[in-house]
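The primary structure of each chain is shown beneath.
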Amino acid sequence: MARVLFGAADILRGRMDASQYRDVVSGMLVLKRASDQPGVLRVPERARWSHIVGYQGKALGHVLNDALWELERSNPEVLKGVFEALDFGRRLGRAELKALVDHFDHILLSDDNLEFGDEVGRAYDLILSEFADSAGKRGGEFFTPRSVVRLMVRLVRPQEGQSVYDPFAGSGGMLVQARQYVDEHDGDGADLALFGQEVNGATWSTARLNLLLHSITDGSVLCGDTLTDPLHSVEDGRLRRFDRVLTNPPFSMKYSEKEVRHPERMKYGGASGQLKNADLMNVQHVLATLRPDGIGAVVTPHGVLFRGGAEREIRRGIVKDARLEAVIGIGPNVFHGTSLPACILVLRGANGTPADQRGQVLFINAEREVVTGRSQNRLEPQNIEKIVSVFREWMEIPGFSRAVSLQEIAENDFNLNIRRYVDASPPAEPPLDVRATLFGGVPRSEVETEVAKFHSYGIGLADLFTLKSADYLDFLSGGCEATAARLPGLAAAREEEFIDSCRSWWEEAASRIAELAESERLLMLRPRLMASFREELLPAEILDRYQLAGAFAAWWSNRQDDLRSLDLRGFPGVIDRWATADGRQSSYLPQNMARERVLDVLGEDLRSRVEKLVVAERQGLVNVYRSWGDRYETSLMDLERQSEAAAARLGARLKELGYT
């Protein structure tokens, strides 16, 4: 489906900028989807696709504009004002418009012709990402990378029956993902009340369309400036409050106190002359719109954590009132249009943080939890899994996370700079041991900090060194490199045991997956499968709990469509989708053969991911061993002996040549 939309964009590329052809593709998609799938919208005759392709009178651009106007008029509660700026006839000739109509005419967008009910919405989300890439810096104004959105939604965990609000809604991704999260966690996403506001008219239209194409027609996304005039209120004029608030506001916008309605929102300080931007005003709007037991997550630039003056006083108030639960640093170059790193603040309503966390703020430095891309870095499922797990379990991991007391924060004058509390820099190498450098040997103290990891791979101290003295070890005969080359062979048996354990776990997990095929409940199995996977493999101490959870999360994410297909159509359905993806005709397989084939592929994929991690960890041990060789294999005494031997050889050679 996404390829189809990219194909439509290709027809327009070069004739207009990304924001313009985004609107054109959106309009065509809505017209075709509404006609193909009864019940999505009320479709009058002049808005039907058959009318568009069969009309012979007016210019095609006029026919399309007329169709959109009729569709909006028949569905004002969903489409009023959404297509106000779209004119098919502007900058597009008949040839381009006919090519677009012909392109969409070959697409069947009814649910019966789509693999999943949300396929149109997911495809639209992908093309929004493409548009954001093309738009450069402006792309970041309307589109938050979906990996960041998924992370934020998992941090606040919306529940069925709650309300979710995004005051700077952009393309609506936070609201869409919140509903999907509830659906995926055994709830009814339709029973989630969604609210948003967006100041940019074109972006507001995109958000409304994004919700519509995800079959969300009851969300309230309004157009207006949230800081100057928040539009969601209750009958007596007070601002409405929400169970969950998720948002990525524009960074460093300038505001004046005189412009801001509902100044009571700025409890901790406003946009005075000292406060040069509105970043912490945005944060305070989130705090003001949370219910007392509500939870919010907001993206901010790092400057809000340490800038002085009025902003320091705002931080002081927020921290002292227990409204700040966590500060999570995200690595650089993740957001569209900027290479700067950002952070996520997890906030609490007036009831404050949970009692067992009161008086502390959790700092997570996840700047290294990104996967480097060619033009943009990204958070992968394994990165998200680690951040979420540490946050939920309130775990402290050196170099990654730490719970910091209010007293310590106060001693630092309410500076919340993440690196002040958690330094994610790689640990420095221990200082060279002078005695070992002079006389040879490897300090036993350095080896003992790493030896447990070697043991987990079945490699003992005697496989690495001989005893030189109580405090020093010697490399085995043949030297460091010869031993390093033997390490993969020494580790092979333990590695195979570990992979066998993975296979054994899969045999049991596969039977549980097979039991839930076509039950429409398979996706609910994820937490239990991940927990059992971790419990089965963690005792071997080859991979840690976060590596195991990350491997499982990456596998589940990559195979989610296969699992969804299995959940809806069983094993033959998965075989069919693989054939379609490969451009082949599906061939019939008996149920038992289809089951065996699908489970083998799924299991092999997971095993392969685990094996790659195991090999990488083992290579890390080889690198550690070689680093000891680089530091200590050749001592100063060895160098002196080598120098003396070289001098003796030179003297002998000179004597042979008659020089005395």
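Let me sum up the structure you'll find in this document.

Cut-offs and rules
- Residues numbered from 1 in each chain as written.
- Predicted model: local features only at pLDDT ≥ 70, side-chain atom pairs only at ≥ 80, totals over all residues.
- Heavy atoms only, no water.
- Helix = DSSP H or I, 4+ residues; strand = E, 2+ residues; numbered from the N terminus.
- Buried < 20%, exposed > 50% of the residue type's maximum accessible area, 1.4 Å probe, protein only.
- Contact = heavy atoms within 4.5 Å.
- Areas by Shrake-Rupley, 256 points an atom, 1.4 Å probe, with all protein chains shown as cover.
- Pairing = 2+ DSSP bridges.
- Axes fitted to C-alpha atoms, helices over the stretch in contact; angles between N-to-C directions.
- Patch = residues over 30% accessible without salt bridge, like charges linked within 9 Å, V, L, I, M, F, W, Y side chains within 5 Å.
- Salt bridge = Lys/Arg side-chain N within 4 Å of Asp/Glu carboxyl O.
- Core = buried A, V, L, I, M, F, W, Y, C linked by side-chain atoms within 4.5 Å.
- Expected span 1.5 Å × (residues − 1).
- Phe/Tyr/Trp six-rings, centres within 6.5 Å; stacked < 30°, edge-to-face > 60°.
- Lys NZ or Arg CZ within 6 Å of the ring centre and 35° of its normal.
- Polar contact = N/O pair within 3.5 Å; in protein donor to acceptor, adjacent residues only side chain to side chain.
- Parallel < 35°, antiparallel > 145°, perpendicular 65-115°, else oblique.
- Left-handed = near helix turned anticlockwise from the far one by under 90°.
- Bend = angle between axes of the 7 residues up to and from the residue.
- Lys, Arg positive; Asp, Glu negative; His and termini not counted.
- Charge placed at Lys NZ, Arg CZ, Asp CG, Glu CD.

## Side note on the overall build of the chain
Alright, step 1. If you tally the helices and strands in the chain, you get 24 helices and 12 strands.
Alright, step 2. Seen along its three principal axes, the alpha-carbon backbone of the chain occupies a region of about 110 × 70 × 60 Å.
Alright, step 3. Residues classed as buried in the chain amount to 51% of the 660 residues present.
Alright, step 4. The long-range fraction of contacts in the chain, counting pairs at least 24 apart against all pairs at least 6 apart in sequence, stands at 74%.
Alright, step 5. Carbon and sulfur atoms make up 49% of the accessible area of the chain, which totals about 30400 Å².

## A few points about the sheet that holds strand β3 (residues 220-223)
Alright, step 1. Pairing in this open sheet of 9 strands is mixed, and the strands run β3-β2-β1-β4-β5-β7-β6-β8-β9 from one edge to the other. Each edge of the open sheet is held by one strand with a lone partner, namely β3 and β9 (401-405). Adjacent strand axes in the sheet meet at a mean angle of 15°, parallel and antiparallel pairs treated alike.
Alright, step 2. Two elements, strand β1 (residues 163-166) and strand β4 (residues 242-247), share 2 bridges in a ladder whose sense is parallel.

## With respect to the pairing of β4
Alright, step 1. Among the 6 residues that make up β4, 6 are buried, leaving the element largely enclosed by the rest of the structure.
Alright, step 2. By the bridge criterion, 5 bridges tie β4 to strand β5 (residues 290-301) in an arrangement that is parallel. Bridged to Arg 244 within β5 is Ile 295.

## Points about a nonpolar patch on the surface
Alright, step 1. Together, Val 434, Leu 438 and Phe 439 make up a nonpolar patch on the protein surface, roughly 270 Å² of accessible area in all.
Alright, step 2. Within the element layout of this structure, Phe 439 appears in helix α16 (residues 434-439).

## A few points about the nonpolar core
As a rule of thumb, nonpolar side chains are buried together in soluble globular proteins.
Alright, step 1. In terms of nonpolar packing, the biggest core is built from 99 residues, with Leu 64, Leu 71, Phe 104, Leu 151, Ile 344 and Ile 364 touching the most fellow members.
Alright, step 2. By residue number, the principal contributor to this core is helix α2 (residues 18-36), which donates 8 residues.
Alright, step 3. In this view, Leu 64 contacts Met 28, Leu 31, Ile 52, Phe 88, Leu 97 and Val 101; residues no more than four positions away in its chain are not counted.
Alright, step 4. Judged by nonpolar contacts, the second largest core, of 59 residues, contains Ile 499, Leu 606, Leu 621 and Tyr 625.

## Quick notes on the pattern of salt bridges
Alright, step 1. Tallying each qualifying case throughout the model produces 51 salt bridges.
Alright, step 2. A salt bridge links Glu 311 to Arg 307; its shortest N-O distance comes to 2.6 Å.
Alright, step 3. Residue Arg 307 is classed as partly exposed on the basis of its relative accessible area, which comes to 24%.
Alright, step 4. Of the charged contacts, one joins Arg 378 and Glu 380 as a salt bridge, the two residues approaching to 2.5 Å between their closest N and O atoms.
Alright, step 5. Among the ionic contacts, a cluster of salt bridges with common partners joins Glu 115, Asp 118, Arg 122, Arg 559, Asp 561, Asp 562, Arg 564, Arg 569, Arg 577, Asp 605 and Arg 609.

## Quick look at helix α4 (residues 60-74)
Alright, step 1. With 15 residues, α4 extends 21 Å between its outermost C-alpha atoms, agreeing within 8% with the 21 Å of an ideal straight helix rising 1.5 Å per residue.
Alright, step 2. Considered for burial, the residues of α4 that qualify are Leu 60, Gly 61, Val 63, Leu 64, Asp 66, Ala 67, Leu 68, Glu 70, Leu 71 and Ser 74.

## Some points on the packing of aromatic side chains
Alright, step 1. A full pass over the atoms with the stated rule returns 17 aromatic pairs.
Alright, step 2. On the numbers, 5.4 Å between centres and 55° between planes, the contact of Phe 552 with Trp 555 is tilted. Here the residue Phe 552 and the residue Trp 555 both occupy positions in helix α21 (residues 545-558), the gap between them amounting to 3 residues, near one helical turn.
Alright, step 3. For Trp 555, a relative accessible area of 0% gives the class buried.
Alright, step 4. Following the ring pairs from residue to residue traces out a cluster consisting of Trp 505, Trp 506, Phe 533, Phe 552, Trp 555 and Trp 556.
Alright, step 5. Of note, Lys 386 hangs over the ring of Phe 400, and the distance from its end group to the ring centre comes to 4.4 Å.
Alright, step 6. The ring of Phe 116 has Arg 564 sitting right over it, with the charged end atom 4.3 Å from the ring centre.

## Considering the side chain of His 232
Alright, step 1. Following the sequence through the fold, His 232 ends up in the loop between β3 and β4.
Alright, step 2. If we ignore the near neighbours within four places in the chain, the residues touching His 232 are Tyr 165, Phe 195, Gly 196, Gln 197, Ser 220, Leu 222, Leu 239, Arg 240 and Phe 242.

## Quick word on the sheet that holds strand β11 (residues 465-467)
Sheet strands line up and pair through hydrogen bonds in the backbone, either parallel or antiparallel.
Alright, step 1. Read from one edge of the open sheet, 3 strands run β10-β12-β11, paired in antiparallel fashion. In the strand order of this sheet, the two ends are held by β10 (442-443) and β11, each with one partner.
Alright, step 2. Direction of pairing for β10 relative to strand β12 (residues 472-475): antiparallel, over a ladder of 2 bridges. Its bridge partner lying in β12, Val 442 is registered against Leu 473.
Alright, step 3. Its contacts with the sheet put helix α23 (residues 591-632) on β10, β11 and β12, and the angle it makes with β12 is roughly 100°.

## What to know about the pairing of β3
Alright, step 1. Direction of pairing for strand β2 (residues 193-198) relative to β3: parallel, over a ladder of 4 bridges. For Gly 196, the partnering residue across the bridge sits in β3 and is Val 221.

## Considerations on unusual backbone geometry
Alright, step 1. Of note in this structure, Trp 394 is not a glycine but carries a positive phi near 55°.
Alright, step 2. Within the secondary structure, Trp 394 is located in the loop between α13 (381-393) and β9.
Alright, step 3. Backbone geometry places Glu 520, a non-glycine residue, at a positive phi of 60°.
Alright, step 4. Along the chain, Glu 520 falls in the loop between α19 (479-515) and α20 (526-537).

## Considerations on the side chain of Asn 377
Alright, step 1. Mapped onto the elements, Asn 377 comes out in the loop between β8 (360-366) and α13.
Alright, step 2. Residue classification places Asn 377 among the buried positions, given a relative accessible area of 12%.
Alright, step 3. Only 2.9 Å separates the side chain of Asn 377 from the backbone oxygen of Pro 332, close enough to count as a polar contact.
Alright, step 4. Beyond its immediate chain neighbours, meaning those up to four positions away, Asn 377 contacts Pro 332, Asn 333, Val 334, Val 370, Val 371 and Thr 372.

## Considering the packing of helix α8 (residues 146-156) against α13
Alright, step 1. Between α8 and α13, the least distance of the axes is 10 Å, while the angle of their chain directions is 20°. Classified by the angle between their axes, α8 and α13 sit roughly parallel to one another. Handedness of the α8/α13 crossing: right-handed. Packed against α8, whose contacting residues are Ser 147, Arg 150, Leu 151, Arg 154 and Leu 155, the element α13 presents Ile 384, Glu 385, Ile 387, Val 388, Phe 391 and Arg 392 at the interface.

## Brief notes about α19
Alright, step 1. Given a rise of 1.5 Å per residue, 37 residues ought to cover 54 Å, and the 55 Å separating the end C-alpha atoms of α19 matches this to within 8%.
Alright, step 2. Helix geometry: α19 is bent most strongly at Ala 492, by close to 45°.

## Considerations on a negative patch on the surface
Alright, step 1. Among the surface-exposed residues, Glu 160, Asp 183, Glu 184, Asp 188 and Asp 191 lie close enough to one another that they form a single negatively charged patch.
Alright, step 2. Exposure remark for Glu 184: the relative accessible area of 31% places this residue in the partly exposed category.

## Comments concerning the environment of Leu 5
Alright, step 1. Mapped onto the elements, Leu 5 comes out in helix α1 (residues 2-12).
Alright, step 2. Classification of Leu 5 as buried rests on a relative accessible area of 0%.
Alright, step 3. Along the backbone, Leu 5 and Val 120 are 115 residues apart, and their C-alpha atoms lie at a distance of 9.6 Å.
Alright, step 4. Residues contacting Leu 5, with those up to four places away along its chain left out, are Val 25, Leu 29, Phe 104, Ala 123, Tyr 124 and Ile 127.

Remember, this is a structural readout, not a statement about activity or role.
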